[in-house]
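Fold and geometry: a report
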Amino acid sequence: MTNLILLGPPGAGKGTQARMLTDQHGLVQLSTGDLLREAVAAGTQAGKAAKEVMQAGGLVSDDIVIAIVNDRLDQPDVANGVIFDGFPRTVAQAEALDELLDNKSMQLDAVVSLEVEDAAMIDRISGRYTCGDCGEGYHDTFKVPAKDGVCDQCGSSEFKRRADDNAATVAERLRAYHAETAPLINYYDAKGVLKRVPAMGDIAEIGNQLSAIAG
Ligand code: ADP
Ligand code: ADP
Ligand code: ZN
């Protein structure tokens, strides 16, 4: 059982790689972005507070995000190991996670920093779409389904794009990443758990490196 964090800017490939690790190692993907989008869709208190911030590309408040993670970690499937995707995103969240893991007698095995170039992230995010039925991720040019318009995983032809995946919002999300999240690289390096993985290359190749880290 391995618990790991995937760190990286929007578009780095966190979701894509987390999904592959879920398939190959039975780990649970804990994506705060997905959980927040579910909360927005369900119209919960947290969802109402998060909606506009997400549309603008800002960061949702630490309190809301930490409460969502705390709840998710109380479900029994996390015993299989967790991949934190998109969390923590601030030093305050990282400190809260240390405490949560302590309280739940869980340990952090590795933090992977996906090392990418900002300039390429605009194209990755602008071309991103997902299967509406199974959630498999695709890209207009970098990851197309084998059969045009049909999901490789489930055969669905319902696809969707995120409302915040537009050029204006991406700039703000990258800014938030450098201001708030990039400091976590040093935070985890100082703890001796950081692994840097070059992530500009082939999706499968990067997957092999992560698979080796997940054990
Ligand atoms: P994140 O979760 O970090 O925001 P995603 O995993 O959603 O990133 O990837 C963003 C987009 O880039 C998706 O459309 C995905 O298919 C594509 N993508 C992911 N990894 C790579 C890669 N190594 N090379 C090219 N495109 C990629
Ligand atoms: P991406 O991987 O493309 O950056 P996510 O799905 O992780 O996108 O996040 C989408 C949005 O949800 C973020 O821009 C932010 O508004 C919000 N969000 C997700 N995770 C967090 C977090 N840990 N802290 C604060 N806001 C978050
Ligand atoms: Zn599908």
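Residues numbered from 1 in each chain as written. Chains lettered and ligands numbered in written order. Predicted model: local features only at pLDDT ≥ 70, side-chain atom pairs only at ≥ 80, totals over all residues. Heavy atoms only, no water.

1. Points about the pattern of salt bridges
Opposite charge on two side chains makes pairing possible when the charged atoms of those side chains draw close. Applying the stated criterion to the full structure yields 14 salt bridges. When the shortest N-O distance is used, the salt bridge between E136 and R19 registers 2.7 Å. Of this pair, E136 sits in the loop between β5 (128-131) and β6 (137-139) while R19 sits in helix α1 (residues 14-25), and the two are 117 residues apart along the sequence. Since its relative accessible area comes to 25%, R19 is described here as partly exposed. For the salt bridge of R37 with D34, the shortest nitrogen-to-oxygen distance reads 2.9 Å. Here R37 and its partner D34 are both found in helix α2 (residues 32-42), 3 residues apart, which amounts to about one turn of the helix. Assessed through its relative accessible area of 34%, D34 is described here as partly exposed. Bridged by salt links that share partners, the residues R128, R162, D164, D165 and R173 form one connected network. (Salt bridge = Lys/Arg side-chain N within 4 Å of Asp/Glu carboxyl O. Helix = DSSP H or I, 4+ residues; strand = E, 2+ residues; numbered from the N terminus. Buried < 20%, exposed > 50% of the residue type's maximum accessible area, 1.4 Å probe, protein only.)

2. As for unusual backbone geometry
Residues F87 and P88 are joined by a peptide bond in cis, for which omega reads -5°. Phi at S105 is positive, roughly 50°, even though this residue is not glycine. Along the polypeptide, S105 turns up in the loop between α5 (91-103) and β4 (110-115). On the basis of relative accessible area, S105 is assigned to the exposed category, the value being 71%.

3. Side note on the coordination of the zinc ion (ligand 3)
Donor atoms from the polypeptide that coordinate the zinc ion (ligand 3) comprise C131 (SG), C134 (SG), C151 (SG) and C154 (SG), at 2.3 Å from the metal. For the zinc ion (ligand 3), the 4 donor atoms in the first shell make angles of 102 to 115° at the metal, a pattern classed as tetrahedral. Taken in chain order, the donor set of the zinc ion (ligand 3) reads C-x2-C-x16-C-x2-C. Of the two residues, C131 is situated in strand β5 and C151 in the loop between β6 and β7 (159-160); the sequence distance between them amounts to 20 residues. Across this residue pair, the class does not change: C131 and C151 are buried. (Donors = N, O, S within 2.8 Å, 3.2 Å for Na, K, Ca; no water. Tetrahedral: all angles 85-135°; square planar, octahedral: opposite > 155°, others 65-115°.)

4. Thoughts on the nonpolar core
Across soluble globular proteins, you tend to see nonpolar side chains buried next to one another. Ranked by internal contacts, the top residues of the largest apolar core, which has 33 residues, are I5, L36, V69, L73, F84, V111 and Y188. Elements represented by at least two residues in this core include exactly β1 (4-7), α2, α3 (45-56), α4 (62-72), β3 (82-85), α5 and α8 (183-190). Setting aside chain neighbours within four positions, we find I5 in contact with F84, F87, P88, L97, L108, A110, V111, V112 and Y188. In terms of nonpolar packing, the next biggest core, distinct from the first, is built from 20 residues, A18, I83, V116 and A199 among them. (Core = buried A, V, L, I, M, F, W, Y, C linked by side-chain atoms within 4.5 Å. Contact = heavy atoms within 4.5 Å.)

5. Details of the sheet that holds β7
An order of β6-β5-β7 is seen for the 3 strands of this open sheet, with the pairing classed as antiparallel. The sheet terminates laterally at β6 and β7, the two strands that pair on one side only. Where β5 and β6 come together, 3 bridges link them in antiparallel fashion. Counterpart to T130 in the pairing with β6 is G137. (Pairing = 2+ DSSP bridges.)

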